[in-house]
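Fold and contact review
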Number of protein chains: 2
Amino acid sequence: MIVLVGGSGYVGTAYQAYFNSRGIPFVSVNRSTLNLCDKEAVSKFFKELKPQFIVNAAGYTGKPNVDMAEKEKTRCLLANTILPGVLFEVCTDLKIPWGHISSGCIFSGSRPDGSGFTEEDEPNFSFRQNNCSFYSGTKALAEEIMDGGTDCYTWRLRIPFNEVDGPRNYLSKVMNYAKLIDVRNSISQLDEFVRATWLCWEKRVPFGVYNVVNPGSITTREVVEKIRQRRMVNKEFQFFKDETEFMQIAAKVPRANCVMDCSKLLKTGIPMMEIHEAVDWALDHWKKAS
Amino acid sequence: MIVLVGGSGYVGTAYQAYFNSRGIPFVSVNRSTLNLCDKEAVSKFFKELKPQFIVNAAGYTGKPNVDMAEKEKTRCLLANTILPGVLFEVCTDLKIPWGHISSGCIFSGSRPDGSGFTEEDEPNFSFRQNNCSFYSGTKALAEEIMDGGTDCYTWRLRIPFNEVDGPRNYLSKVMNYAKLIDVRNSISQLDEFVRATWLCWEKRVPFGVYNVVNPGSITTREVVEKIRQRRMVNKEFQFFKDETEFMQIAAKVPRANCVMDCSKLLKTGIPMMEIHEAVDWALDHWKKAS
């Protein structure tokens, strides 16, 4: 039996769909079924259920965006740090293997030579670096708590998207934001992310941290150009002049735009589509929200 | 009605004694009576009770010492960051004035000229500075969450002591540790701390951060000399050569030894005894644990 924590979120829903499509039995737990921040309660629940593997897809991202985390700090900290911390402590005690969905947004920019950050690099957008949003701080703090764990995967997701229009889909955001900022990012095709993370467990690749993004990086202007070519949106895209103007007008806290290296994952034999191809595919199969 | 959160701890017990001695009615709440990390539950509780003022004396310090926090990170974070964060959010919503007991251990050392840190100084021993113990990080993060609050006191306690022998009393620790490290610190006489913080509210001094320590600073060797003079302990005191030796042999994480300035508090007219006098008084009235 697999336990899926946070199954009702954007990422959790994709896990549910994947497990269902593959006939993998799972139990979905969330805040209403279990006090996920109560170590004793969580321990008791897992002792009884004896899950084979646990996926933690729960997390607080802030609605409509990460700026909201600055106003909901305890909620953000509970979901992004305490919850994985409790799972880490309980799973270590009970020797239950598990996977935590972390985020690439604990990095900013790229390596000095322009290449992506690897799993060996220290997060450079965190409380420890004193430069981050509260959201990124809580995600990095969770990784710090989990550091040294031997029975868990830390899977870093970065700006999820797929072909299904929706408020959390990166491509929908690009289409709908009034004004964009041109930045280079690594991003994760959501369904590939889910499959790749599950294959980590299924293939028993070594536990540890994995950047689970599509190979390569892409700029906002490149994405916009792909949308324009397909005449998917009937508007002129507006861009902020630069990050300074973006920060002055549209954002309260800095964003963690970054390039990430996923070769550690690819070396295990688990494939991810090249980033431009993945975006092309999603746009070519676009399912508009009704 | 006053609510005392965390009334069963070392500091909370001193508040209970103080309230009882002054005939101040209060309700003590703790984890077993209320899920203090559940914002909705806390909000509902306070809406019904309508407290006039809340004192948060709850906190995780680690037993036998702060090294334990490195092993109990989620517990430490829940008690030291989430709980005051929830109280901050609820009290702000409900406009309930309150006071949080923070810690001087978010500072290390002294100002460049040797004087104490004031309330204007940024914590220099925190996650943000990437140099601290997990414990200090959680205390500083709570102050960060509470920053900008308008209806709350942040009272910084620093190494509590009084004349009652016990495992949490600084003077008992000095008498009982196998080996000591000679460092300069500001410290807080516990009962004076409790009275001073309560007087902040009773006298309606402006809300904000206050370093509630005895004026001055004192070294471990000075304290030892006072104990020796009184022939209170029948042993030769041993000292580590320096902080490096102390860290190699006795400690896992760096300690936040620091000098703090309490003139902001003293200017309100609330007195604290000079630090050497306060230690002398405690030792002269020493009540040995049976």
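Quick look at the structure, then.

What counts, and at which threshold
- Residues numbered from 1 in each chain as written.
- Chains lettered and ligands numbered in written order.
- Predicted model: local features only at pLDDT ≥ 70, side-chain atom pairs only at ≥ 80, totals over all residues.
- Contact = placed C-beta atoms within 7 Å.
- Helix = DSSP H or I, 4+ residues; strand = E, 2+ residues; numbered from the N terminus.
- Nonpolar A, V, L, I, M, F, W, Y, C, P; charged D, E, K, R; others polar.
- Pairing = 2+ DSSP bridges.
- Right-handed = clockwise from strand over helix to strand, strands pointing away.
- Axes fitted to C-alpha atoms, helices over the stretch in contact; angles between N-to-C directions.
- Buried ≥ 20, exposed ≤ 12 C-beta atoms within 10 Å, placed from the backbone.
- Least-squares fit on C-alpha atoms with pLDDT ≥ 70 in both.
- Arc of directions from axis to C-beta.

**Notes on the interface of chain A and chain B**
- Contacts between chain A and chain B engage 15 residues on the former and 15 residues on the latter.
- Looking at the side of chain A that touches chain B, the element that brings in the most residues is helix α3 (residues 73-94) of chain A, giving nine residues.
- Grouping the constituent residues of the side of chain A that touches chain B by class yields seven nonpolar, four polar and four charged.

**Considerations on the pairing of strand β1 (residues 2-5) of chain B**
Residues and elements named next belong to chain B.
- By the bridge criterion, four bridges tie β1 to strand β2 (residues 26-29) in an arrangement that is parallel. Its bridge partner lying in β2, V5 is registered against V29.
- Note that the unit made of β1, helix α1 (residues 10-22) and β2 has a crossover that is right-handed.
- Two elements, β1 and strand β3 (residues 53-56), share four bridges in a ladder whose sense is parallel. Note that in β3 the partner of I2 across the bridge is F53.

**Details of the sheet that holds strand β5 (residues 152-157) of chain B**
All names here are of chain B.
- Strands sit in the order β2-β1-β3-β4-β5-β9 across an open sheet of six strands; the sheet is parallel. The sheet is open, and its two edges are formed by β2 and β9 (208-211), each paired on a single side. For this sheet, the mean inter-axis angle between neighbouring strands, taken without regard to orientation, is 20 degrees.
- With three bridges connecting them, β3 and strand β4 (residues 98-103) associate as parallel partners. Looking at β4, one finds that I54 is bridged to W98.
- Against the sheet, α1 touches β1, β2, β3, β4 and β5, its axis set at about 155 degrees to β1.

**Some details on the sheet that holds strand β9 (residues 208-211) of chain A**
All names here are of chain A.
- Strand order across the open sheet formed by six strands is β2-β1-β3-β4-β5-β9, with parallel pairing between neighbours. Strands with a single pairing partner mark the edges of an open sheet, and in this sheet they are β2 (26-29) and β9. Taken over all neighbouring pairs, the strand axes of this sheet differ in orientation by 20 degrees on average, direction set aside.
- Pairing geometry for strand β4 (residues 98-103) and strand β5 (residues 152-157), over six bridges, is parallel. Residue H100 lies in a different strand from β5, and its bridge partner there is T154.
- Relative to strand β1 (residues 2-5), helix α1 (residues 10-22) is tilted by about 155 degrees, and along the sheet it contacts β1, β2, β3 (53-56), β4 and β5.

**Examining unusual backbone geometry**
Residue and element names in this part refer to chain A.
- Following K63, the chain continues into P64 via a peptide bond in cis, with omega recorded as 5 degrees.
- Take P64: it is sitting in the loop between β3 and α3.
- Of note, R204 is a non-glycine position whose phi angle comes to about 55 degrees, a positive value.
- One can find R204 in the loop between α6 (190-202) and β9.
- You can call R204 exposed: it has 10 C-beta atoms within 10 Å.

**So, the relation of the copies chain A and chain B**
- Take chain A, turn it by 180 degrees, move it 0.0 Å along the axis, and it overlays chain B with an RMSD of 0.0 Å. Overall, the copies show the geometry of a two-fold rotation axis. No C-alpha of chain A approaches the rotation axis more nearly than that of R128 of chain A, which lies at 2.4 Å.

**Quick look at helix α2 (residues 39-49) of chain B**
- Within the span of α2 of chain B, buried status applies to K39, V42 and F46 of chain B. The buried residues of α2 of chain B occupy an angular sector of 70 degrees when projected down its axis, which confines them to one face. Seen from the buried face of α2 of chain B, the exposed residues on the opposite side, beyond 90 degrees, are E40, K47 and E48 of chain B.
- Structurally, α2 of chain B contributes buried residues whose contacts are with α3 of chain A together with α3 (73-94) of chain B.
- Positive backbone phi, approximately 50 degrees, marks K50 of chain B, located one or two places after α2 of chain B.

**Let's talk about the environment of P167 of chain A**
Residue and element names in this part refer to chain A.
- Summarising the element assignment, P167 is placed in the loop between β6 (160-161) and α5 (170-176).
- Its 11 C-beta neighbours within 10 Å are what place P167 among the exposed residues.
- Sequence-wise, P167 and N257 are 90 residues apart; in three dimensions their C-alpha atoms are separated by 19 Å.

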